[in-house]
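Single-letter residue listing:
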Amino acid sequence: MSQQQVTDVTKYLAKTTVSVVPTGYKQTEVGVIPEDWEVVRFGQLFEQSISRKTLKSNEIVSFVGMQDVSESAQLINQHLTVFEKVKTGFTYFEKGDVLVAKITPCFENGKGFYSSNLLTNIGFGSTEFHVVRAKKCANSNFIYFWTTRKNLRISLELEMVGSAGHRRVPFSALQNYLIPCPSNLKEQTAIANALSDVDALIGELEKLITKKQAIKTATMQQLLTGRTRLPQFALREDGSKKGYKQSELGEIPEDWEVVKLGEIGQTVIGLTYSPKDVSEFGTLVLRSSNVQNGKLAYHDNVFVNMQLPERVMVQEGDILVCVRNGSRQLIGKCALIDKATVGAAFGAFMSIYRSDVNNFIFYQFQSNLIQEQINERMGATINQITNKDMAEFVVAMPKRKEEQSAIAIILSDMDKELQVLEQRLNKTRQIKQGMMQELLTGKIRLVKPEGDHHGSA
């Protein structure tokens, strides 16, 4: 077929191809939506202005600052105070209202909340919140889930006004945003309830993870100091209970010792490279961004295309440690190198600690003991520790490798349990995003359309 013939066929297909709208749906300016839905301005669902109720000076109200809401639009904290302290200079709202951050970057990051769990009927908050109150024809929770949609936030980001760093979304932009909307309150409520059920599941998983993390921290404190001994190591050969002895770290088990990290392993400095060495492909260079919550993460990766010395290549079981960073809180954060990461390099602001007891020492790096030593040695002006500093860190540890391994295995098993829960949480969040896309656009219906005797509810 000649080039001209290909062009002619392409033009013909472009003219004759039409998008097929499913039965029961219609094409609108916001996409394909159910026939019995309408395209409305978001502001048609909520009040244009809100009047205040009269309060006494000593009446208890709730206060919510921007720091009290998460980037997943959840209320994570609230403070009880008296009306007298917040009656001026703050945003008034009532229980059941939806609040949306209006200032950059809080708006783009997703800050806001639905105040159904407010401790009092009246609340006050940051002046950087818009307050959205549902009309009687609308469901507050339905409105809330629309305010959490990424598409809405991305679109309204373009409507921001003001100077750099202080740009805000006008209330009018929120009002004028077009959405597909069920024509009856019953369907709005059904959609909101389904999404609320998933939110409740996410909340329970978050609480469980927090609880498991607290248990792990307490277990680390007990096992890594020897205050709690594993049964198989707690008795002497004659069956009597082992005791404790004094050391520079306080009381430790009689068969433990205090050692410097430099005595049982070595620290290795990372790779120095220049911008010209960075490439889209090549060798992965592990940096502080690759250490997240004690685990390796692969976001914001950097690759280099250059000849690399053997010393900057990681080995399985190495402990990757952040030793220099603009953020003081990141110093000392670490992750254990796994088999999949072997062959990567590590950057100059990172170090590797390598020994034959890495699994045990990895958890010591997460303990208060090493974190306190890091704070003691931190530079006054530069957030860093040196390899020499790290070699001088002291830890208490069992003399028997069997006990070192047994402690590490228990803590590793707790990490694996946490990882499974976190994966379940991430999967549930993804499911919620998919549900929002399907339910808020009417692709999946929870309420049978009026007059439809064949469709499923």
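Before going into details, it helps to say that this report is about the structure given with it. (Residues numbered from 1 in each chain as written. Predicted model: local features only at pLDDT ≥ 70, side-chain atom pairs only at ≥ 80, totals over all residues. Heavy atoms only, no water.)

### As for helix 7 (residues 185–223)
Applied cut-off: Secondary structure elements are defined from DSSP: runs of H or I of at least 4 residues count as helices, runs of E of at least 2 residues count as strands, and each element is numbered from the N terminus. In this scheme, a helix's expected span is set at 1.5 Å multiplied by one less than its residue total. Whenever a nitrogen or oxygen atom comes within 3.5 Å of another N or O atom, the pair is scored as a polar contact, on the condition that within protein one atom can donate a hydrogen and the other can accept it, and that pairs from neighbouring residues in sequence are kept only if both atoms are in side chains.
Over its 39 residues, helix 7 runs 56 Å from end to end, which matches the ideal 57 Å to within 8%, given 1.5 Å per residue. The opening residue of helix 7, the one whose side-chain oxygen lies 3.2 Å from the backbone nitrogen of lysine 186, is asparagine 184.

### Description of the environment of glutamate 159
Applicable threshold: Residue contacts follow a heavy-atom distance rule, with two residues in contact if any of their heavy atoms lie within 4.5 Å.
The residue glutamate 159 is located in the loop between helix 5 (150–157) and helix 6 (171–176) in this model. Considering only alpha carbons, one finds glutamate 159 and cysteine 334, 175 residues apart in sequence, at a separation of 41 Å. Setting aside its immediate chain neighbours within four residues, glutamate 159 contacts Arg168, Pro170 and Ala173.

### What to know about the nonpolar core
Keep this limit in mind: Joining through side-chain atoms within 4.5 Å is the link that ties buried Ala, Val, Leu, Ile, Met, Phe, Trp, Tyr and Cys residues into a set, and such a set is a nonpolar core. Categorising residues by exposure relies on relative accessible area from a 1.4 Å probe, with only protein chains included: less than 20% of the type maximum marks a residue as buried, more than 50% marks it as exposed, and the intermediate range marks it as partly exposed.
Counting residues in hydrophobic clusters, the biggest one holds 55 residues, and the most contacted among them are Leu261, Leu320, Phe346, Ile361 and Phe365. Per-element accounting of this core gives the leading share, five residues, to helix 9 (residues 358–365). Those residues in contact with isoleucine 361 that sit more than four places away from it in its chain are Leu261, Ile264, Ile319, Tyr353 and Val395.

### Notes on the sheet that holds strand 7 (residues 98–101)
Spelled out, the test is: A pair of strands counts as paired when DSSP detects no fewer than two bridges linking them. Here, axes are lines fitted to C-alpha atoms. For helices the fit covers the stretch in contact, and angles between N-to-C directions go from 0 to 180 degrees.
Ordered by their spatial adjacency, three strands build an open sheet running 8-7-10, and the pairing between neighbours is antiparallel. Taken across any chain shown, the strands that pair with only one partner, and hence form the sheet edges, are strand 8 (112–114) and strand 10 (129–132). Put simply, the sheet's adjacent strands are angled 15° from each other on average, direction ignored. Here helix 4 (residues 140–147) sits on the sheet and contacts strand 7, strand 8 and strand 10; the angle it forms with strand 7, its principal contact strand, is near 15°.

### Regarding a nonpolar patch on the surface
Quick note on the threshold: For patch detection, residues must exceed 30% relative accessible area and be free of salt bridges, and they are connected within 9 Å for like charges or within 5 Å for nonpolar side chains (Val, Leu, Ile, Met, Phe, Trp, Tyr). Here the Shrake-Rupley method, with its probe set to 1.4 Å, supplies the accessible areas, and only the displayed protein chains count as covering residues. For this analysis, a salt bridge means a side-chain nitrogen from Lys or Arg found within 4 Å of a carboxyl oxygen belonging to Asp or Glu.
A contiguous nonpolar surface patch, about 310 Å² in accessible area, is contributed by Ile60, Leu80 and Leu119. With respect to the helices and strands, leucine 80 occurs in strand 5 (residues 79–82). Of the residues examined, leucine 80 reaches a relative accessible area of 52% and is grouped as exposed.

### With respect to the sheet that holds strand 6 (residues 91–94)
The four strands lie next to each other as 5-4-9-6, forming an open sheet whose pairing is mixed. Here the strands that pair on one side only, and so sit at the sheet edges, are strand 5 and strand 6. Each adjacent strand pair in this sheet contributes to an overall mean axis angle of 40°, direction not counted. Examined bridge by bridge, strand 4 (residues 60–64) and strand 9 (residues 122–125) share three bridges and lie parallel to one another. Its bridge partner being in strand 9, phenylalanine 63 is matched across the sheet by phenylalanine 124.

### Some remarks on helix 5
Basically, it comes down to this: Directions from the helix axis toward the C-beta atoms define the arc.
Those residues of helix 5 that sit buried are Leu152, Arg153 and Leu156. End-on view of helix 5: buried residues confined to an arc of 95°, all on one side of the axis. Exposed and facing more than 90 degrees away from the buried side of helix 5 are Lys150 and Ile154. Those residues of helix 5 that are buried are in contact with strand 7, helix 3 (106–109), helix 4 and helix 6.

### Overview of the packing of helix 4 against helix 12 (residues 401–440)
For the record, the criterion: Rotating anticlockwise by less than a right angle from the far helix to the near helix defines a left-handed crossing, while the corresponding clockwise rotation defines a right-handed one. Amino acid classes used here: Ala, Val, Leu, Ile, Met, Phe, Trp, Tyr, Cys and Pro are nonpolar; Asp, Glu, Lys and Arg are charged; the rest, including Gly, are polar.
Running from N to C, helix 4 and helix 12 point in directions that differ by 115°, and their axes come no closer than 11 Å. Handedness of the helix 4/helix 12 crossing: left-handed. In this structure, helix 4 uses Phe142, Phe145 and Trp146 to contact helix 12, whose residues at the interface are Lys432, Met436 and Leu440. Residues of the contact of helix 4 with helix 12, tallied by class, amount to five nonpolar, no polar and one charged.

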